[in-house]
Amino acid sequence: MSISVVGGGLTGCLIALELAESGRSVVLFEKEAEILTRASYANEGKIHLGFVYAADTSFRTAKRMIDDALQFRPVLERWISSREFDEMLYDRFDYLVPNSSMLSADAIEAHFNLVMQYLKEQVATKSASYLGQGNLQPVVRSGTDNTNLQARFSTPEQGVWPAAIAQKIRECVSLHPKIEVRVGTAISKIRSERNAWFVTFEASDLRDEGPFDQIVNCAWAGRRRLDAASGFPDDGEWFYRYKFGVVLKNARAAFGGEPPRNSTAVLGAFGDSVYHSVEDTHYCSWYPVGMCFSSTDLAKDEPPRIDDPEKAILKTWKGYSAMDTTFEALLSSKPLENAHIVGDFIAARAQSDIQDPQSKLHERHSYGSVELAPGYWSVETGKYTSAARCAHECSQRVRGR
Ligand SMILES: Cc1cc2nc3c(=O)[nH]c(=O)nc-3n(C[C@H](O)[C@H](O)[C@H](O)COP(=O)(O)OP(=O)(O)OC[C@H]3O[C@@H](n4cnc5c(N)ncnc54)[C@H](O)[C@@H]3O)c2cc1C
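These remarks concern the structure in this document.

### So, the side chain of threonine 385
Piece 1. The topology assignment puts threonine 385 in helix α12 (residues 384-400).
Piece 2. For threonine 385, a relative accessible area of 0% gives the class buried.
Piece 3. From its side chain, threonine 385 meets the backbone oxygen of lysine 46 in a polar contact 3.2 Å long.
Piece 4. At 3.0 Å, the side chain of threonine 385 forms a polar contact with the backbone nitrogen of histidine 48.
Piece 5. Sequence-distant contacts of threonine 385, defined by excluding residues within four places in its chain, comprise Lys46, Ile47, His48, Met65, Asp68, Ala69 and Phe72.

The following block contains the structure:
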């Protein structure tokens with residue numbers, strides 16, 4: 001019998017690949033027309049070291065992010081060559097602390113110092129490297145002449161270009177002889193019968209498919225609903241947010257020849273500006289504009305409609321221009337023909353939104369795979385940063401059954 005994986009995001013695809021490579025036959029069900037088109041495609045690819053989680057005073061989130069980040073490249077390099085991976089990387093982030101930040105620049109600096117201490121310890125004791133960086137760049141605080149900012153920190157934190165990773169992983173999955181991909185197939189229920197698992201989906205009628213030895217639910221925003229429909233409700237507190245950013249092609253010219261340094265605004269006016277030189281593409285998110293849905297429940301994980309995308313794009317750039325004045329070049333050239341919006345849901349255990357300093361959204365450390373019944377696994381990815389480690393750990397547990 002084979003194994004079924006529901007959800008072809010980065011986590012589901014990496015699990016399918018690892019199981020297939022170990023000789024198991026895998027059927028991968030994906031509701032969209034193509035795998036890797038949702039959150040694992042629409043995010044900015046930051047491989048977090050926990051800098052942004054300065055409001056988690058337990059420090060558990062930063063530790064978890066660092067542990068996961070150190071495994072990201074080694075797991076991905078089973079499928080992507082080192083040279084290809086280098087080309088998918090983009091440059092380091094500066095952290096910008098606006099005057100409106102929930103935490104002072106001094107408090108953020110104290111957190112950053114702890115992050116660096118833990119990161120260096122882990123790199124040394126595990127003989128690991130963060131995304132292949134030889135010498136970690138230190139955190140350096142500098143002043144700024146931008147009157148909206150308290151401080152600017154350069155950091156060693158980097159990211160990968162998710163669209164490039166998605167393209168490569170799609171190829172690996174589609175070429176693997178032990179993986180059958182079933183796109184356009186939304187699984188509505190998982191059920192067991194005589195020690196085997198079956199999935200139900202709608203075609204022209206309601207169809208069942210199986211039997212499968214084991215089943216792995218990697219449906220991210222749709223995961224909890226599928227578990228509940230299959231008899232495993234999770235009554236914990238959940239918060240779903242739809243976040244979008246603006247992707248700009250031919251970015252160098254649009255910025256007047258000099259794209260901005262990569263940056264993240266913390267903690268309060270959240271946003272990111274990322275430039276990938278190989279693709280000459282820029283990504284910008286600005287929470288006050290790009291966070292267009294938030295709720296403690298998600299009935300359907302269909303993206304909300306954005307009524308006036310051009311206005312949303314200009315508002316995003318305008319918002320970020322308060323953090324980084326190089327954005328003024330975009331506001332005068334308005335390269336809308338090269339810009340489009342990408343976004344998706346973020347699913348996390350919390351009760352209130354990010355503006356609340358007490359919100360559990362400021363923590364992200366309790367995620368991974370759980371076996372809800374013998375052979376039924378539900379995988380909460382946590383972050384893009386953690387997808388590789390979650391997938392590897394879950395694959396090992398599935399193989400060990
Ligand atoms: C805008 C944005 C920015 C982000 N930025 C970062 C970042 O910089 N760094 C970071 O670490 N994390 C970031 N994240 C979080 C990160 O994107 C996610 O944690 C991660 O991509 C989730 O991976 P996944 O494989 O679990 O989910 P997905 O990639 O969403 O894959 C789940 C798949 O399951 C499919 N599916 C759902 N329901 C069903 C069903 N019933 N039947 C069949 N298929 C189904 C979906 O179509 C989808 O393809 C961001 C998220 C967003 C939305």
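Resuming the write-up.
### Topic: the pairing of strand β4 (residues 94-98)
Piece 1. With 5 of its 5 residues buried, β4 lies for the most part within the structure.
Piece 2. Side chains Asp94, Leu96 and Pro98 project from β4 onto one buried face, and the interleaved Tyr95 and Val97 project onto a second face that is buried too.
Piece 3. Across 3 bridges, the pairing between β4 and strand β13 (residues 263-265) is parallel. Paired with aspartate 94 across the strands is serine 263, a residue of β13.

### Focus: the pattern of salt bridges
Piece 1. What the rule picks out here adds up to 36 salt bridges.
Piece 2. Notably, a salt bridge pairs aspartate 213 with arginine 24, separated by 3.2 Å at the nearest N-O pair. Of this pair, aspartate 213 sits in strand β11 (residues 206-217) while arginine 24 sits in the loop between α1 (10-21) and β2 (26-29), placing them 189 residues apart in sequence.
Piece 3. Two residues, glutamate 34 and arginine 170, come together in a salt bridge whose shortest N-O distance is 3.7 Å. Placement of glutamate 34 in the loop between β2 and α2 (39-42) and of arginine 170 in helix α6 (residues 162-175) is noted, with a sequence separation of 136 residues between them.
Piece 4. Each of Lys31, Glu32, Arg38, Asp301, Glu302 and Asp344 takes part in one network of salt bridges that share partners.

### Some thoughts on the packing of aromatic side chains
Any aromatic ring pair is given by two values, namely how distant the centres are and how the planes are angled relative to each other.
Piece 1. Scanning the model with the defined rule gives 20 aromatic pairs in all.
Piece 2. Relative to phenylalanine 201, the ring of phenylalanine 29 lies with its centre 6.3 Å away and its plane at 35 degrees, an arrangement referred to as tilted. Taken together, the positions of phenylalanine 29 in strand β2 and phenylalanine 201 in strand β10 (residues 196-202) put the pair 172 residues apart, joining distant regions of the chain.
Piece 3. Judged by its relative accessible area of 1%, phenylalanine 29 falls in the buried class.
Piece 4. An aromatic cluster of at least three residues, connected via ring pairs, comprises Phe51, Tyr95, Phe112 and Phe153.

### A word on the site of the ligand
Piece 1. The ligand sits among 35 residues. The nearest are Glu30, Ser40, Ile187, Thr381 and Thr385.
Piece 2. Between the ligand and lysine 31 there is a distance of 3.2 Å, counted from a nitrogen atom to a backbone nitrogen or oxygen.
Piece 3. In this structure, a nitrogen atom belonging to the ligand sits 3.5 Å away from a side-chain N or O atom of histidine 48.
Piece 4. Here the ligand, which alone exposes 1000 Å², has 98% of that area covered by the protein.
Piece 5. Looking at the shell around the ligand, the elements that each hand over two or more residues are α1, α2, β17 (339-348) and α12.
Piece 6. For the shell around the ligand, the class distribution of residues is 14 nonpolar, 12 polar and 9 charged.

### What about the nonpolar core?
Piece 1. Within the largest apolar cluster, 89 residues are counted, with the highest numbers of intra-cluster contacts made by Phe72, Ile165, Ile169 and Val216.
Piece 2. Formed by 30 residues, the second largest nonpolar core is a distinct cluster that contains Tyr242, Ala251, Leu298 and Leu330.

### Digging into the state of the cysteines
Piece 1. Counting across every chain of the model gives 0 disulfides.
Piece 2. Free cysteine: cysteine 284, not disulfide-bonded; nearest cysteine sulfur from cysteine 292 at 15 Å.

### A word on the environment of serine 352
Piece 1. Relative to the helices and strands, serine 352 is located in the loop between β17 and β18 (368-373).
Piece 2. In sequence terms serine 352 and threonine 296 are 56 residues apart; their C-alpha atoms lie 8.1 Å from each other.
Piece 3. The residues touching serine 352, leaving out its near neighbours within four places in the chain, are Phe239, Ser359 and Leu361.

Definitions and limits used
Sequence positions are assigned chain by chain, starting from 1 and proceeding in written order. Only residues with pLDDT of 70 or above have their local features reported here, since the model is predicted, and side-chain atom pairs are shown and tallied only from 80 upward, although totals for entire chains, interfaces and linings are computed over all residues. The side-chain quantities take in all heavy atoms of the structure and omit both hydrogens and water. Under the DSSP-based scheme used, a helix requires at least four consecutive residues in state H or I and a strand at least two consecutive residues in state E, with every element numbered from the N terminus. Only protein chains enter the calculation, and the probe is 1.4 Å; a residue is then buried if its accessible area is under 20% of its type maximum, exposed if over 50%, and partly exposed in between. The definition of a polar contact used here is a pair of N or O atoms within 3.5 Å, where within protein one atom must be able to donate a hydrogen and the other to accept one, and adjacent residues in sequence count solely through side-chain atom pairs. By definition, residues are in contact when any of their heavy atoms lie within 4.5 Å. Two strands make a pair as long as DSSP finds a minimum of two bridges between them. The working definition used for a salt bridge is a side-chain nitrogen of Lys or Arg within 4 Å of a carboxyl oxygen of Asp or Glu. Two rings belonging to Phe, Tyr or Trp (six-membered ring only in the last case) form a pair when the distance between their centres is within 6.5 Å. Interplanar angles under 30 degrees mark stacking, angles over 60 mark edge-to-face geometry, and anything in between is tilted. For this description, a residue counts as near a given molecule or strand if any of its non-hydrogen atoms is within 4 Å of it. Note that accessible areas follow from Shrake-Rupley with a 1.4 Å probe, and for residues the cover is restricted to the protein chains shown. Gly counts as polar in this scheme, as do all residues outside two lists: the nonpolar Ala, Val, Leu, Ile, Met, Phe, Trp, Tyr, Cys and Pro, and the charged Asp, Glu, Lys and Arg. Here, nonpolar core means buried Ala, Val, Leu, Ile, Met, Phe, Trp, Tyr and Cys residues that are tied together by side-chain atoms lying within 4.5 Å of each other. Cysteine sulfur atoms are paired as a disulfide whenever they come within 2.5 Å of each other.

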